[in-house]
Amino acid sequence: MFLPHINLSELEQTFFSKVLPKAIQLFDDLLYELSSQAKGLTNQNTELCKAVRNVLQTMVQLLETLTGCVRHICTLQEPVPLESIRSLPSSILYVIKNTFMHCKDSELLYSGCLHLISDLLQSLFKETYSLQKQLMELLDMISVESASAEDSIVDMVSVIHTVLEICSVISNMDHALHANTWKFIIKQSLKHHSMLQSHLKHTEILSGLCKDTLFSFHSCLQLAEQMKLSGTQENTDYKLFQRTVKLCRFFANSLVHYIKEFIPFLSDSCCRLHQLYLQIYRLSLFSALFLGFQQCSGELSLPVCLPGVMDDGQAQVPVTVYHHLCVHLCAFIASTPSSHFPQLERALLDAVLGSSMITSLLAMDSWCFLARYGTAELCAHHVFVIAHLIKSCPGECYQLSVLGVLLRRMLFLMAPDHQVEFTQKFPPKEAENLPLWQHISLKALTPDLRKQVVHQLCAVGLSQCRQWLSGRCTLGELPPVNVALSALLTVCNSAGDTLEAGLQAAVLGAASQLWALLKGKQVSSQPCLQQTLCLLLPLLEFFIQRLDPQLITQVFAMQASLLELDPPDHVRLAALDLLSSMGKLFMPQEIQGQVIPKLSYLFASLLADKTWLIYQHALEAFTQFAEVTRHEDVVPQCLNSEEIKNKVVCFLAKARQGEETAEARAERMKQEKAICSAHLLKMKVDGEWGSALEPLAKRACHSPCEEQYKSAIDAAESALEAVKLLLQKGPSPAWLTVKLEALQTAVASLRNTLR
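Rules and cut-offs
Residues numbered from 1 in each chain as written. Predicted model: local features only at pLDDT ≥ 70, side-chain atom pairs only at ≥ 80, totals over all residues. Heavy atoms only, no water. Core = buried A, V, L, I, M, F, W, Y, C linked by side-chain atoms within 4.5 Å. Buried < 20%, exposed > 50% of the residue type's maximum accessible area, 1.4 Å probe, protein only. Helix = DSSP H or I, 4+ residues; strand = E, 2+ residues; numbered from the N terminus. Contact = heavy atoms within 4.5 Å. Axes fitted to C-alpha atoms, helices over the stretch in contact; angles between N-to-C directions. Left-handed = near helix turned anticlockwise from the far one by under 90°. Patch = residues over 30% accessible without salt bridge, like charges linked within 9 Å, V, L, I, M, F, W, Y side chains within 5 Å. Areas by Shrake-Rupley, 256 points an atom, 1.4 Å probe, with all protein chains shown as cover. Salt bridge = Lys/Arg side-chain N within 4 Å of Asp/Glu carboxyl O. Phe/Tyr/Trp six-rings, centres within 6.5 Å; stacked < 30°, edge-to-face > 60°. Lys NZ or Arg CZ within 6 Å of the ring centre and 35° of its normal. Expected span 1.5 Å × (residues − 1).

Chemist: Looking at this structure, I do not really get the nonpolar core. What am I missing?
Modeler: Membership of the largest hydrophobic core comes to 132 residues, with the highest contact counts inside it found for Phe-422, Trp-437, Leu-442, Trp-515 and Leu-533. Among the elements that take part in this core, helix α21 (residues 447–469) stands out by supplying ten residues, more than any other. Ignoring any residue separated from it by four or fewer positions in sequence, one finds Trp-437 in contact with Phe-422, Thr-423, Phe-426, Pro-427, Pro-428, Leu-442, Leu-445, Val-453, Leu-457 and Thr-490. Ranked by size, the runner-up nonpolar core spans 84 residues in total, among them Leu-8, Ile-142, Val-159 and Leu-164.

Chemist: Hey, could you run me through the packing of helix α26 (residues 549–564) against helix α28 (residues 589–607) in this one?
Modeler: Where α26 contacts α28, the two axes come as close as 9 Å, and the packing angle between them is 35°. Of the two elements, α26 crosses α28, and the hand of that crossing is left-handed. Note on element contacts: α28 touches α26 through Glu-590, Ile-591, Gln-594, Val-595, Lys-598, Leu-599, Tyr-601, Leu-602, Ser-605 and Leu-606, opposite Pro-549, Ile-552, Thr-553, Phe-556, Ala-557, Gln-559, Ala-560, Leu-563 and Glu-564.

Chemist: Can you walk me through a nonpolar patch on the surface in this structure?
Modeler: Residues Leu-720, Leu-740 and Leu-743 make up a contiguous nonpolar surface patch of about 270 Å² in total accessible area. Positionally, Leu-720 belongs in helix α33 (residues 706–729).

Chemist: Teacher, can you tell me more about the pattern of salt bridges here?
Modeler: Where side chains of opposite charge bring their charged atoms close, a pairing between them can arise. In total, this model carries eleven salt bridges according to the counting rule given. Across the pair Glu-165 and Lys-97 runs a salt bridge, and its minimum N-O distance is 2.6 Å. Taken as a pair, Glu-165 in helix α6 (residues 149–170) and Lys-97 in helix α3 (residues 87–104) lie far apart in primary sequence, 68 residues in all. Given the relative accessible area of 34%, Glu-165 is considered partly exposed. A salt bridge links Arg-409 to Asp-365; its shortest N-O distance comes to 2.8 Å. Residue Arg-409 is located in helix α18 (residues 398–411), and its partner Asp-365 is located in helix α16 (residues 357–373); the two are separated by 44 residues in the primary sequence. Given the relative accessible area of 29%, Arg-409 is considered partly exposed. Salt bridges sharing common partners tie together Asp-566, Arg-572 and Asp-609.

Chemist: Just checking my understanding: could you explain the packing of aromatic side chains for this structure?
Modeler: For the coordinates displayed, the defined rule picks out 15 aromatic pairs. Here the aromatic rings of Phe-422 and Phe-426 are separated by 5.1 Å at their centres, their planes lie at 50°, and the arrangement is tilted. A single burial state applies to Phe-422 and to Phe-426, both of which are buried. One aromatic cluster in this structure is built from Phe-384, Phe-422, Phe-426 and Trp-437. Directly above the aromatic system of Phe-384 lies the positively charged group of Lys-425, at a separation of 5.2 Å from the ring centroid. Here the guanidinium or amino end of Lys-647 rests over the ring plane of Tyr-615, the centre of that ring lying 5.2 Å away.

Chemist: Explain the environment of Leu-485 here, please?
Modeler: Turning to its location among the elements, Leu-485 is positioned in helix α22 (residues 479–494). Separated by 54 residues in the primary sequence, Leu-485 and Leu-539 place their C-alpha atoms 8.5 Å from one another. Those residues in contact with Leu-485 that lie beyond four places of it in its chain are Cys-465, Leu-514, Thr-532, Leu-535, Leu-536 and Leu-539.

Chemist: Explain α16 here, please?
Modeler: In an α-helix, one full turn covers 3.6 residues, which means residues spaced three or four apart are oriented alike. Its 17 residues give α16 an end-to-end C-alpha distance of 24 Å, which sits within 8% of 24 Å, the value for a rise of 1.5 Å per residue. Along α16, twelve of the 17 residues are buried, which leaves the element largely enclosed by surrounding structure. If you check which residues of α16 are buried, you get Thr-359, Ser-360, Leu-362, Ala-363, Met-364, Asp-365, Ser-366, Trp-367, Cys-368, Phe-369, Leu-370 and Ala-371. For α16, the secondary structure elements touched by its buried residues are α12 (285–294), α14 (321–334), α15 (341–352), α17 (376–392) and α18.

So, in structure tokens, the structure goes:
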């Protein structure tokens, strides 16, 4: 080795910047050669087997050489400035990541011939392990103070993010390696805290920690269950269990530590952390019951029928699995001692928030039985707990919706004095409580209390709308307006006679002003505006007989232009709800020429929609419209093809499109169950349940922050650096010059914008 004869200050310019690109090229060539030759590898083809082994041996030698380079620098008795080895970490990490990926995919790549080269693959894995360990030792001792601040940030952030990618590759390969790799990420993030905190991908790091914490936790449970079922505690199994518990504890401690250090940057991860908290629990009898019920999707869909309960000496009537289980579960709850209520309550909440809608419904039915069967104080206590959960739920998600349904049902079961207490704990006159009151049906309240709540909700809801309308009307300030609209919609749908004419006029006036600001193209690209539209449409439907002709024209013009932009499904469904009520309205002569063509266009387009849910709703909406409308000439205009006409006729006649045999249906149920179970399991393990359902919402409404600008610029700089490295490896394609000139023009344009 001649490295000892090169001064540390000259290493980068003299050696690494010239040699490492060639080493990477050699590594890529070796990997490509392996991938190409592996396809033809067989037990009989000894020549090819020898060639593959030679390539693997060369890769091992390359890794040994790289390890020697890193080890030499570690032995130096002087501080190692980052600029002296700038190209070394990225090159070494590239080799480590791709080698681990090759080892991970080896079983699939080499298929039935893995035994022919398994010894060399093992050597390759061990040498990569050693190389990573040596690099981490080096990175732990480097000095960044003397380097350029911006260059240091780019380099260290790139190192940490690449090591994070390596973590996802090796997660199931080696527990010790996985844990040590995470230790490096946490340690370096904290070591350079002040320099890197605004540049790290905190959401990805936290998501990875949550995923690995949950996976190791479930592994602990599975191992414990296996030892329990086998009835033995063999030394090997017990040691594996201890190691898994230790790993789980490590991930949990790392997660807590990271949260404490970077909490100002973790607002986007609240939902993921909340989900992890809900996922980690110990299984009780109640939980096991709900989990077992969740596996009965086929029996519920067929449906399978069971004997019902004897009633007043009458013969048993066959009932569905759901009915059977719900009755027996409620009877079991009635006989449960109060000392077991904490387990029961925990299981009910877990089932309500779970991924199975039918299981969530069973839990809600059971919970409502408990509220009726138990004391008034118990019912009130549960209502207050659910209300606090809703208020603390981070962002819009599936769990928030089901909690809202449960709260709405439970409030009907509260004693009148406890309803009064509820309005005192969560005053409807305060804007911060609107997210809670939007879920509540005011029909549950006593008449006097309902009138009071209606006035307070209208006052604060209208105030929120007027405040936004009188301000700058920015998207960033729109979410509170959407919450206010949701609360006002709840009032309109459930207040009854307590919603006075003056309040109705005020709500309609605010809705009309808001509608006038909506633009089709903007709505199609902004989720928060789509939410506004979906709230305004049912409000306008409520006031259908009082709509101003000009407003009706605006509504249909918007709906027609928006449909041409292919809006998401929930926007189409909201449009159908309004269309179904248009039959109640006789349009003035002066607007018929503008509205009726758009009305028929909307119905014709939605009746031809390929999404079965929208198509079904379109059939129902069109039927409701056609049955009561006085504009009979519109009906045939909506059915602009024989196919649509025939489908509508079949729907009206309640004719089935085709019969399915019992055997075919049972087989379809099995396939659907397998597909759904696999999908839900993947979402659970990946931690996507809840966060995946978080609307793209509200993030798009805020103005970009400094962090986002820095992240975008860093990405652009990294991309240009990558192009620079490619140019060092070989000749460039002919089109590259044109692309670079276009980029230069784009940069100049951005600079002019800043001026």
